[in-house]
Amino acid sequence: MPSYLDRLTACQRRLAKRAADGIVLFPSRNLEYLTGFAEEPSERVLFLFLSSDRDPVFFVPELAAQQVDERTPIESIRTWSDGKGPAEPLSELCSDLGLDGGHILVDETMWARFTQLLQSRLPSSTFGL
């Protein structure tokens, strides 16, 4: 059986073939398959950003960072606080990853409110499934 790192690498290769700049996953079977992290979707923003040419990055509430770190092979974890909310830290992360203006795939099970949040932070990007 392939390791989670093997699965992530295979997904990155497929992104390159599809000419997509990245994929954003949220708590779902897809996220669990790629990382081993099983979590039910909630009102809190929790994303995995994966691109063909960069290391994967989790974007999680501060309170979930240790859990994600302990339960996944992902080394880069960015957080947001309840006091400030996810919008600005998400904009910073998207900028750091160079995603605005690119073609972004989103998890087909992602809730509309989270897709809308991504679209508001990446206004020049196109989105697909």
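Higher on the page you've got the structure.
My aim in this report is to walk through the structure given alongside it, one point at a time.

Further remarks concern the overall build of the protein. Counting its regular elements, the protein contains 5 helices and 6 strands. Ordered by position from N to C terminus, the α and β elements of the protein give α-β-α-β-β-α-β-α-β-α-β. In terms of overall dimensions, the protein is globule-like: its C-alpha atoms have a radius of gyration of 14 Å, near the 14 Å expected for 129 residues. Principal-axis analysis of the C-alpha atoms places the extent of the protein at approximately 40 × 35 × 25 Å. Sequence separation of at least 24 residues holds for 57% of the intrachain contacts in the protein that already meet a minimum separation of 6. About 7200 Å² of surface is accessible on the protein, with carbon and sulfur atoms providing 46% of the total. Averaging the locations of the 13 positively and 19 negatively charged side chains of the protein gives two centres separated by 5 Å.

Taken together, the 6 strands give an open sheet; going across it, the order is β4-β3-β2-β1-β5-β6, and neighbouring strands pair in mixed fashion. The two strands at the open ends of the sheet, each matched to only one other strand, are β4 (76–80) and β6 (126–128). Each neighbouring strand pair of the sheet contributes to a mean axis angle of 25 degrees, computed without reference to strand direction. Judged from the 3 bridges that link them, strand β1 (residues 22–25) and strand β2 (residues 47–50) form a sheet pairing that is antiparallel.

Okay, the pairing of β4 next. Sheet analysis places strand β3 (residues 57–61) next to β4, joined by 5 bridges and oriented parallel. Within β4, the position partnered with Val60 by the bridge is Thr79. Since β3 and β4 lie parallel, the crossover through helix α3 (residues 65–71) that links them has a hand, and here it is right-handed.

What follows deals with the side chain of Gln12. By the element assignment, Gln12 lies in helix α1 (residues 4–17). Residue classification places Gln12 among the buried residues on the basis of a relative accessible area of 15%. If sequence neighbours within four positions are ignored, Gln12 has contacts with Leu50, Ser51, Ser52, Arg54 and Pro56.

Here we come to the environment of Glu32. Secondary-structure assignment places Glu32 in helix α2 (residues 29–35). Its relative accessible area of 33% is what places Glu32 among the partly exposed residues. Separated by 26 residues in sequence, Glu32 and Asp6 have C-alpha atoms that sit 14 Å apart.

The next subject is the pattern of salt bridges. Across all of its chains, the model carries 3 salt bridges by this definition. The partner of Asp82 in a salt bridge is Arg44, and the shortest N-O contact between them spans 2.7 Å. With Asp82 in the loop between β4 and α4 (87–96) and Arg44 in the loop between α2 and β2, this pair connects stretches of sequence that are 38 residues apart. Note that Arg121 is salt-bridged to Glu88, the shortest N-O span being 3.4 Å. Here the residue Arg121 occupies a position in helix α5 (residues 112–121), and Glu88 occupies one in helix α4, the gap between them amounting to 33 residues. When its relative accessible area of 24% is taken as the criterion, Arg121 is described as partly exposed.

Basis of the calculations
Residues numbered from 1 in each chain as written. Predicted model: local features only at pLDDT ≥ 70, side-chain atom pairs only at ≥ 80, totals over all residues. Heavy atoms only, no water. Helix = DSSP H or I, 4+ residues; strand = E, 2+ residues; numbered from the N terminus. Rg over C-alpha atoms; globule rule 2.2 N^0.38 Å. Contact = heavy atoms within 4.5 Å. Areas by Shrake-Rupley, 256 points an atom, 1.4 Å probe, with all protein chains shown as cover. Lys, Arg positive; Asp, Glu negative; His and termini not counted. Charge placed at Lys NZ, Arg CZ, Asp CG, Glu CD. Pairing = 2+ DSSP bridges. Axes fitted to C-alpha atoms, helices over the stretch in contact; angles between N-to-C directions. Right-handed = clockwise from strand over helix to strand, strands pointing away. Buried < 20%, exposed > 50% of the residue type's maximum accessible area, 1.4 Å probe, protein only. Salt bridge = Lys/Arg side-chain N within 4 Å of Asp/Glu carboxyl O.

Distances and angles like these do not, on their own, reveal function.
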